[in-house]
Amino acid sequence: MIPAAEQMLSDLIRLNTVNPPGNEFKVARYLQELFTAQGIAYEIIESEEGRANFIARLGSGTKSLLFLCHSDVVPAGEGWDFDPFSGEIAKGVVYGRGALDCKGLMAAQIHAFLRLAQEASLLNGTLIFAATADEERGGTHGVQYLLKNCPEKIRADFAVNEGGEGPRTINGRQIYFVQVGEKGTAWSRLQAAGRSCHGSVPTMGDNAVLKMARAFATLGDYRPEIRLIPEVRFLLQELIRIKELEEPLNETNVDALLDKFTDRSFAETLRAMTRMTISPNTIAGGSKTNIVPDDCAASVDIRVLPGQDRDYVLSELQRCIGEDIAIEIGNYAAPTFSSAQSAHYQLITAATQELTGADTLCLPHISPGATDSRYLREAGIPAYGIGHMARDSDPDLGATIHGKNERIDVASLYFRADFFMALARKYLC
Ligand SMILES: [Zn+2]
């Protein structure tokens, strides 16, 4: 018998895999027991002690599909209304860190995988399930490690992974989203130097913290260039059409149009898809109340669109804050995309409509943030992000990802499982 998806998710939440340190072996060990009981072969690939990646395959043949998810979670933080690691199931909801990101997806993929295993003779291809380590800290011990050391283990015609927006109903029309791209990352470090002196005669010195504070204020006011890449232009045009806003979209009115969206988190996510964002997020300087600081360090989270490379970021930063502050782009990753015109994308749409009805609209979107999909895409494996939820699911649940009170409704778990099942059947049967 296949365990209930909500029970699997509850079990997985109770395995603390907060990264750092990760300890993803706990999930691998749990899956080992589960898959052994179901008589399904698997592999556990450890990139480092405790950092386990779990992989299982079903069927054989030339076609292949990868179900990807990750086993680590971000720290819970404070202020929860319940124990983040209790995995409590109550009134049709599973509670705890990882319920959405990404153990809920994992439970749904496993449920579909195990159901398909019972009819494996029907598979005309290979279904791969991979629960990988370290996604929340860049994937060094997970997907990156696998692609570097044993890419054949997860290589597939295409992959479905986390990263999609939850569905919305707008003007009575049901819309599901498929993530086809992710913005790039240009995390930058800033360093201001000054001259220290006694805090009682501050004009003798040169205050580095003040310099940085001015730079931060300027970055806070930064007005980025609006850039409507084709995927985002199409998405916004469709949403505007359904909302009957009757105003043709262009670079100059996109903000005014987005202001008409009542769902704030959705509108702001859309806004982030239309520009480079600069978020000055950490600042450290000064050692004592009576010493004028001669040094201040800061970090800035910058997310870029296609066509905005390292040089562009550097020149924009310099233009804003001048030459007086040293800028270093420590971590740069280009945006990645998979085609929304592909047969694989069409299958995802078809599988979604099979469950929701033919009048459901499926729209491609891009994520402001990044997932392990970027590594797959760079390795030539198209990857699509799925955030499907059941029709009546609370649209605000998405906001609990990386936040407090993370949870998922059981109906959405099964909806996702059914979706993965339908997709695998469509492609591999
Ligand atoms: Zn995740």
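Residues numbered from 1 in each chain as written. Predicted model: local features only at pLDDT ≥ 70, side-chain atom pairs only at ≥ 80, totals over all residues. Heavy atoms only, no water.

(A) Broad picture of the overall build of the protein. Of regular secondary structure, the protein possesses twelve helices and 17 strands. Projecting the C-alpha coordinates of the protein onto the three principal axes gives extents of approximately 80 × 55 × 40 Å. A burial count over the protein gives 55% of its 429 residues as buried. Long-range contacts, defined here as pairs at least 24 residues apart, represent 78% of the contacts in the protein between residues at least 6 apart. (Helix = DSSP H or I, 4+ residues; strand = E, 2+ residues; numbered from the N terminus. Buried < 20%, exposed > 50% of the residue type's maximum accessible area, 1.4 Å probe, protein only. Contact = heavy atoms within 4.5 Å.)

(B) Structural context of unusual backbone geometry. In this model, Asn19 is joined to Pro20 through a cis peptide bond whose omega is 5°. Each neighbour pair has its own omega, and for Pro20 with Pro21 the value is 5°, a cis peptide bond. Mapped onto the elements of the fold, Pro21 is located in the loop between helix 1 (5–14) and helix 2 (25–37). Although it is not a glycine, Asn23 adopts a positive phi angle of roughly 50°. Accessibility expressed as a relative area gives 28% for Asn23, which makes it partly exposed.

(C) The arrangement of the side chain of Glu136 in detail. Within the element layout of this structure, Glu136 appears in the loop between strand 6 (126–132) and helix 4 (143–149). For the buried Glu136, no salt bridge exists, and the shortest N-O distance to an oppositely charged side chain is 7.7 Å, to Arg97. In this view, Glu136 contacts Asn19, His70, Asp72, Val73, Val74, Asp101 and His402; residues no more than four positions away in its chain are not counted. (Lys, Arg positive; Asp, Glu negative; His and termini not counted. Salt bridge = Lys/Arg side-chain N within 4 Å of Asp/Glu carboxyl O.)

(D) Broad picture of the packing of aromatic side chains. Evaluation of the coordinates by the stated rule reveals 16 aromatic pairs. Taken together, a centroid distance of 5.7 Å and an interplanar angle of 45° make the contact between Phe35 and Phe113 tilted. Here Phe35 is found in helix 2, whereas its partner Phe113 is found in helix 3 (residues 103–117), with 78 residues between them in sequence. Under the relative-accessibility criterion, Phe35 is labelled buried at 0%. Residue Phe113 is classed as buried on the basis of its relative accessible area of 0%. Ring pairs connect the aromatic residues Phe35, Tyr42, Phe54, Phe113 and Phe129, which therefore count as one cluster. The ring of Tyr312 is capped by Arg227, whose NZ or CZ atom sits 5.8 Å from the centre of that ring. The ring of Phe261 is capped by Lys243, whose NZ or CZ atom sits 4.6 Å from the centre of that ring. (Phe/Tyr/Trp six-rings, centres within 6.5 Å; stacked < 30°, edge-to-face > 60°. Lys NZ or Arg CZ within 6 Å of the ring centre and 35° of its normal.)

(E) The packing of helix 1 against helix 2, seen in detail. Put simply, helix 1 and helix 2 touch, their axes get as near as 10 Å, and they point 150° apart. Once helix 1 is placed against helix 2, the crossing between them reads as right-handed. Residue-level inspection shows Met8, Asp11 and Leu12 of helix 1 in contact with helix 2, the latter providing Val27, Tyr30 and Leu34. Considered class by class, the residues forming the contact of helix 1 with helix 2 number five nonpolar, no polar and one charged. (Axes fitted to C-alpha atoms, helices over the stretch in contact; angles between N-to-C directions. Left-handed = near helix turned anticlockwise from the far one by under 90°. Nonpolar A, V, L, I, M, F, W, Y, C, P; charged D, E, K, R; others polar.)

(F) Representation of the pairing of strand 16 (residues 383–386). Burial along strand 16 is two-sided: the face carrying Ala383 and Gly385 and the face carrying Tyr384 and Ile386 are both buried. Inspection of the sheet shows strand 9 (residues 173–182) paired to strand 16 by two bridges, in the antiparallel sense. Its bridge partner lying in strand 16, Val178 is registered against Ile386. (Pairing = 2+ DSSP bridges.)

(G) Examining the coordination of the zinc ion more closely. Only His70 (NE2), Asp101 (OD), Glu162 (OE) and Glu162 (OE) from the protein coordinate the zinc ion, and they sit 1.8 to 2.6 Å from it. For the zinc ion, the four donor atoms in the first shell make angles of 53 to 148° at the metal, a pattern classed as irregular. Along the chain, the residues donating to the zinc ion are arranged with the sequence spacing H-x30-D-x60-E. On the criterion of sequence distance, the pair formed by His70 in strand 3 (residues 64–70) and Asp101 in the loop between strand 5 (93–95) and helix 3 is long-range, its members being 31 residues apart. For the pair His70 and Asp101, one class covers both residues: buried. (Donors = N, O, S within 2.8 Å, 3.2 Å for Na, K, Ca; no water. Tetrahedral: all angles 85-135°; square planar, octahedral: opposite > 155°, others 65-115°.)

(H) Summary view of the nonpolar core. Within the largest apolar cluster, 88 residues are counted, with the highest numbers of intra-cluster contacts made by Leu31, Phe35, Leu65, Leu127 and Phe129. Take this core: its biggest share by element is eleven residues, from helix 12 (residues 410–428). In this structure, Met212, Tyr222, Ile302 and Cys320 belong to the second largest nonpolar core, which totals 24 residues. (Core = buried A, V, L, I, M, F, W, Y, C linked by side-chain atoms within 4.5 Å.)

(I) A look at the side chain of Glu316. Here Glu316 is to be found in helix 9 (residues 310–321). With relative accessibility at 10%, the residue Glu316 sits in the buried group. Sequence-distant contacts of Glu316, that is, excluding residues within four places in its chain, are made with Tyr222 and Met276.

(J) Representation of the pairing of strand 15 (residues 361–367). By the criterion of burial, strand 15 is predominantly enclosed, with seven of the seven residues buried. What you see with strand 15 is no split at all: Leu361, Leu363, His365 and Ser367 on one side and Cys362, Pro364 and Ile366 on the other are buried throughout. Here seven bridges tie strand 9 to strand 15, and the two strands are oriented parallel to one another. Counted as the bridge partner of Glu182 is Ser367 from strand 15.

(K) View of helix 12. Taking 1.5 Å of rise per residue, 19 residues should cover 27 Å, and helix 12 covers 27 Å from first to last C-alpha, within 8% of that figure. Helix 12 sits mainly inside the fold: 14 of its 19 residues count as buried. (Expected span 1.5 Å × (residues − 1).)

(L) Expanded view of the environment of Glu354. Within the secondary structure, Glu354 is located in helix 10 (residues 343–356). With eleven residues separating them in the primary sequence, Glu354 and Ala343 have C-alpha atoms 16 Å apart. For Glu354, the residues in contact, after removing those within four places along its chain, are Ala422 and Lys426. Engagement of the side chain of Glu354 in a polar contact is seen with the side chain of Lys426, the distance being 2.6 Å. (Polar contact = N/O pair within 3.5 Å; in protein donor to acceptor, adjacent residues only side chain to side chain.)

(M) Fine view of the sheet that holds strand 17 (residues 407–409). With antiparallel pairing, three strands are arranged side by side in an open sheet as 4-5-17. Each edge of the open sheet is held by one strand with a lone partner, namely strand 4 (89–90) and strand 17. Pairing between strand 4 and strand 5: two bridges, direction antiparallel. What sits directly across from Ala90, in strand 5, is Val93. Set on the sheet, helix 12 makes contact with strand 5 and strand 17; between it and strand 17 the angle comes to about 70°.

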